[in-house]
Every structure is written in structure tokens, then in C-alpha cells.
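# Examination of the molecular architecture
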Amino acid sequence: MMEKEQDIQPSRDRRKTKGGPPVSNESTGKDSQFLPLCFPQKLWEMLESDQFRSIWWSNGGKCVAINEELFKEEVLGRAGPQRVFNTKRIESIIRQLNSYGFTKMQHDDQRSASLPEFLAEEGAVSAHSQEDPTLERHFKGHRDAVTSVDFSLNKKQLASGSMDSCLMIWSMKPQMRAYRFVGHKDAVMCVQFSPSGHLVASGSRDKTVRLWIPSLKGESTVFKAHTATVRSVSFSSDGQSIVTASDDKTVKVWTVHRQKFLFSLSQHINWVRCARFSPDGRLIVSSSDDKTVKLWDKTSRECIHSFCEHAGFVNHVDFHPSGTCIAAAGTDSTVKLWDVRMNRLLQHYQVHSSVVNSLSFHPSGNYLVTASNDSTLKILDLLEGRLLYTLHGHQGPATCVAFSRSGDLFASGGSDEQVMVWKTNFDADYGDALKTQKSCSTVDGSHHTGSEMDSGIHHKKTKTQDSGRNHEQQEVEASLANTLEHIMGQLDVLTQTVSILEQRLTLTEDKLKECLENQQKIIQNKTN
């Protein structure tokens, strides 16, 4: 039980009295002993420590009592090296207390009297340590299975491709109409927004790639990219290149501005399902029906390693946001993660009961969402190496899934022709409970510590704003960032416009050439 009290005196009903003034870390000159701990450990240490008057055992050790105002000042008010939590909001603390099994209602069960038992109990309920993801809205408009989804940078638009040969651009604003883009002559297998959000690339079973301006006109340029179905299209992080994967067993790289072919990667011996650039653009990863995941050096164009652990076709692959590891999903119902620096398998998950079609990393790198033919989405906690959530929404196979760039939303598509948008609801402060070393599942089912996992998965610490930072400087930086984003967007639009004009000029030249040839034939016929 948790008591949130203003008037209960700290000396009442404690296991040990906390006398004297709280001991400040500032007076000792030491960094906080609490910040590196996970939430249950922090809670236990605070309750057992003489440093804090705002939190104590109550009701014979069955409850935790908190003097809210004093807690805000004494605990949440700490800054710099002395801080206890990476939040200053009491609501976040209470939310974590609730998620770890504490409620304002009386419980009959006694809290454990030893730290190991206490931590064990908290671990048993930690799977529910966040508010569950919720379905925010769903879109209907496709006439066949949805194959791919992707958010724009600002989350104002969501793109989806479908077996109905159409690309849809959905507005995230209520009551706003969707755009249906028609141009492909066969199923649209993949879609992706450019990093700036001003272009959308799509690949199709008609063997072409199209670059669209996601506006009312829906103008696009088209180029024949492959000799078979284009399964995957993806932008580099700078938006200057795209990589495509095809049933013609090749991976190809193109420039965005002129859709100029650069080079082809051709060591797969079966259909290539997916290809992605690394965040720094130096590497390319591809997955194939030959049951391999291949890692390529973009500069040398050589395959530097092949991962062969999948027992079936590998449907999807992507880089971790840090660029240090990759994740792949396959028809063998598994998800695997490898360290690309040491070329070793880090984690292996068998949480789905059928083919895994798609996956997406949360921008923090701590979570992975997957979509499967078993009709579920599953969210994996990569730091703890366990399944976090199973989401049911689609009627039939879930074919694709993608997080937004900020990670607060994710979208999924299915064979039920629906696009669903989910709110992540991951508490920003939950990462605070994951900073300690936790055990993670290995390939053989044994366990290893989080320090071993650090080679591939990194927890991004919350950056606290320097209190002395100049507010005016922040505004200038924000303004510059917005200006640069606007310029990038305009460059994308200009590039696309030039491409369209070039295409029209080529058509005009062809028509003129045809007219001249016909005129010449007429003159020759008259002469004869």
C-alpha cells in the first residue's frame, strides 16, 4: 500500500527512526548514490536511509508513506550530481509506484522485509511498469492488404502502401481528408518518407520506384529500378540516397535528386526482401529468402559478413538507432539481434506463433515492435531481454509496423485492409528503472548481464537542461533548426519539380522526334 500524506509525521510507525537533518550529498562532496539504481532499489534505499524525512515505512512496514510537498523539495528538488530521479514531477513517481504494485487501497499481503525478496517481488510485476499502449485511431480506405506504413518527420502525415496498387497519405489531424495516389500498375510493396518529410518513396510489383510529393496534386517521378518486384525502398539519413531490394536478387543504390543508378549488390541467391542504410550511411544491411542477412560496406561495395542463423526466409531487417546492431524477423517466427562490430548474435526471441513480417526500433533503442501473421503486435524490452506487451487489433495477419520519429506513436497495417495508429504511452522516466544491469536471454537460454549487452544496446540517458543556459540562445537555435528544416524541404520540392520537368522535356523531345520522322516519311512518299 502507498499512503500519500501531508500531515503524517515521519517518526510514526517506522521500522527505524530517521533522526536529525537529512544528509546532503553536497556536504559530502560525493555524487548521488541513488541515481544509478533501478526504481525498486531507490525506493528501498530511501526508506532505509536517514537522509530523507519525506518518505517512510508506515502501518508496521506494510505501507510506504510520502509527504508530498516535502518530497518535492527534499527529493525531486535535487539537481546535478545529487539528484535521485531524472524527473521533477511527483506524478511520475506516483505512477511508477502504482506500476510496481503500490496502490492507495489496503492490501492484505505484507511487503518483504529483505532487499532481495523486495526486488524479486517488484520484478514479478515490472512487466506492467508502464501504462499500456492504446489504440488512438484507425484508418480505412485501402481495398486490399496493407503492406507498409511510415510517419512523416512532424507526425502530421502517415503513408501506407497496399496490394490494391495505391499509396495513401493519411492526415493525423481529425476530419482531414486522406490522399489516394494512383500511379503504380501493381501492388505497392513498400513506402517511406524522406528524412525531411517532403518526399515519399514507394516500390511496387510493377518493378518501379516512384518519388511522390505528398500533397493534393500527388505528382511523382517514376523510374524502372529492377527487373522484378521491388520489395523495399529506404532513404539514407541525409536524404540524398535510396536503397532498393528486389525479387531480382539484387540490392541497388540510387541518388534521390536525379534518380541516377549508382551501383548494385548481387550476392544473394534468392529474393531480397528488405534493405536499409546504417544511421551513418557507411553500411547497408539486406535480408533475403536465401535465409541470410548480409552486411555490406557502401564504399567498397563488398559483403563484409553474412548472418545465417535464421531457419527460414528473412522478411525484414533494420539497424538499431545507435548503428551498432541489427534486428531481423523471419518466417521461422523468430526475431534476432546481432552486434555488427563483433558479428555475433546478441538476442533471440521466439514470442510469435507464426511468421514475423516486420519490425521497428523505438528511437531510444530500448524497445522493438514486431508484426506477425499470428495477428498480434509485440513490444520487446531489449535492455531486459523480454516480451513487454502483446497487442491485439488486426483481424488476420499484421503485415507491417513502424514507430514515429519521436517514438510516442507507432502505426501498423494488416491483411484486414486497416491502418492502426497506437499511442506508445511509455513513461519517459521508465528508462530510469532500466539503467541498472539486468539479465538478458541468450541464444542457448542462459543469462548474461546487461554489461555484456552494452556492446550492442545502449541506453540513452535523459539529457537535463543546464539551468544556467541562456534562454535567448535556445530560441535562436530552435529558429535555425526550423529554418534549416524548411530549406531542406524546399530543396526536396525543387528537386522533385526539376525531375518532373526533365521527364516532361524528355516526352516532348520524343514527340518532336516522332513528328520529324513522320514529316520526313511524308516528304519521301510524295517524292516517290
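See the structure shown above.
Quick look at the structure, then. (Residues numbered from 1 in each chain as written. Predicted model: local features only at pLDDT ≥ 70, side-chain atom pairs only at ≥ 80, totals over all residues. Heavy atoms only, no water.)

### Topic: the pairing of strand 6 (residues 157-162)
Within a regular beta strand, the side chains point alternately toward one face of the sheet and then the other, so they alternate between its two faces. Burial of strand 6 is extensive: six of the six residues sit out of reach of the surface. Here strand 5 (residues 146-151) pairs with strand 6 via five bridges, running antiparallel. Residue pairing in the sheet places Ser148 in a bridge with Gly161 of strand 6. The antiparallel hairpin formed by strand 5 and strand 6 contains five residues in its connecting segment, where Lys155 sits at a positive phi of about 65°. Here strand 6 runs beside strand 7 (residues 166-171); their pairing, made up of five bridges, is antiparallel. Along strand 7, the bridge assignment pairs Leu158 with Trp170. (Buried < 20%, exposed > 50% of the residue type's maximum accessible area, 1.4 Å probe, protein only. Helix = DSSP H or I, 4+ residues; strand = E, 2+ residues; numbered from the N terminus. Pairing = 2+ DSSP bridges.)

### Re the sheet that holds strand 31 (residues 418-423)
Taken in spatial order, the four strands line up as 4-31-30-29 in an open sheet, and their pairing is antiparallel. Edge strands, defined here as strands with exactly one partner in the open sheet, are strand 4 (134-140) and strand 29 (398-403). Strand-to-strand twist in this sheet, taken as the mean axis angle between neighbours without regard to direction, amounts to 20°. Alignment of strand 30 (residues 409-414) against strand 31, held across five bridges, turns out to be antiparallel. Considered in strand 31, the bridge of Gly413 is made with Val419. (Axes fitted to C-alpha atoms, helices over the stretch in contact; angles between N-to-C directions.)

### Side note on the packing of aromatic side chains
A complete count under the given rule lists nine aromatic pairs for this structure. Ring centres 5.8 Å apart and planes at 75° place the aromatic pair Trp44 and Trp57 in the edge-to-face group. One end of the pair, Trp44, is in helix 2 (residues 39-48); the other, Trp57, is in strand 2 (residues 55-58), and 13 residues separate them in sequence. Trp57 carries the same exposure label as Trp44, and that label is buried. When the centroid spacing of 6.2 Å and the interplanar angle of 5° are considered together, the rings of Tyr179 and Phe181 count as stacked. Grouping aromatic residues by their ring pairs yields a cluster made of Tyr179, Phe181 and Trp212. (Phe/Tyr/Trp six-rings, centres within 6.5 Å; stacked < 30°, edge-to-face > 60°.)

### Points about the pattern of salt bridges
In total, this model carries ten salt bridges according to the counting rule given. In this structure, the salt-bridge partner of Lys72 is Glu68, at a minimum N-O distance of 3.5 Å. Here Lys72 and its partner Glu68 are both found in helix 3 (residues 68-76), four residues apart, which amounts to about one turn of the helix. What makes Lys72 partly exposed here is its relative accessible area of 32%. The closest approach of N and O atoms between Lys155 and Asp408, which form a salt bridge, is 2.7 Å. Here Lys155, found in the loop between strand 5 and strand 6, pairs with Asp408, found in the loop between strand 29 and strand 30; they are 253 residues apart in sequence, far enough to count as distant. Classification of Lys155 by relative accessible area gives partly exposed; the value is 24%. Overall, Asp408 belongs to the partly exposed group, its relative accessible area being 32%. (Salt bridge = Lys/Arg side-chain N within 4 Å of Asp/Glu carboxyl O.)

### Regarding the side chain of Ser196
The topology assignment puts Ser196 in the loop between strand 9 (188-193) and strand 10 (200-204). Look at Ser196 and you get buried, because its relative accessible area is 12%. Here His198 takes part through its backbone nitrogen, which lies 3.4 Å from a polar atom of the side chain of Ser196. (Polar contact = N/O pair within 3.5 Å; in protein donor to acceptor, adjacent residues only side chain to side chain.)

### Some words on the sheet that holds strand 23 (residues 335-339)
Pairing is antiparallel in the open sheet, where four strands are placed in the order 21-22-23-24. If you trace the sheet from one side to the other, it starts and ends with strand 21 (314-319) and strand 24 (344-349), each paired once. Averaged over all pairs of adjacent strands, the angle between strand axes in this sheet comes to 20°, irrespective of strand direction.

### Some words on the environment of Phe263
If you trace the backbone, Phe263 turns up in strand 16 (residues 261-265). Sequence separation between Phe263 and Lys252 is eleven residues, and the spatial gap between their C-alpha atoms is 5.9 Å. Ignoring anything within four residues of it in the chain, the contact list for Phe263 reads Val251, Lys252, Val253, Lys298 and Arg301. (Contact = heavy atoms within 4.5 Å.)

### Things to note about the nonpolar core
Of all hydrophobic cores here, the largest spans 21 residues; its most connected members are Met46, Ile55, Val64, Phe71, Val75, Phe85 and Ile93. Within the residue set of this core, elements represented by two or more residues are helix 2, strand 2, strand 3 (63-67), helix 3 and helix 4 (90-99). Sorting elements by how many residues they give to this core places helix 2 first, with five residues. (Core = buried A, V, L, I, M, F, W, Y, C linked by side-chain atoms within 4.5 Å.)

### Examining unusual backbone geometry
Even without glycine at this site, Lys291 takes up a positive phi of about 70°. Along the chain, Lys291 turns up in the loop between strand 18 (283-288) and strand 19 (293-297). Taking the relative accessible area as the measure of exposure, Lys291 reaches 38% and is therefore partly exposed. Of note in this structure, Ser375 is not a glycine but carries a positive phi near 80°. Position of Ser375 relative to the elements: it lies in the loop between strand 26 (367-372) and strand 27 (376-381).

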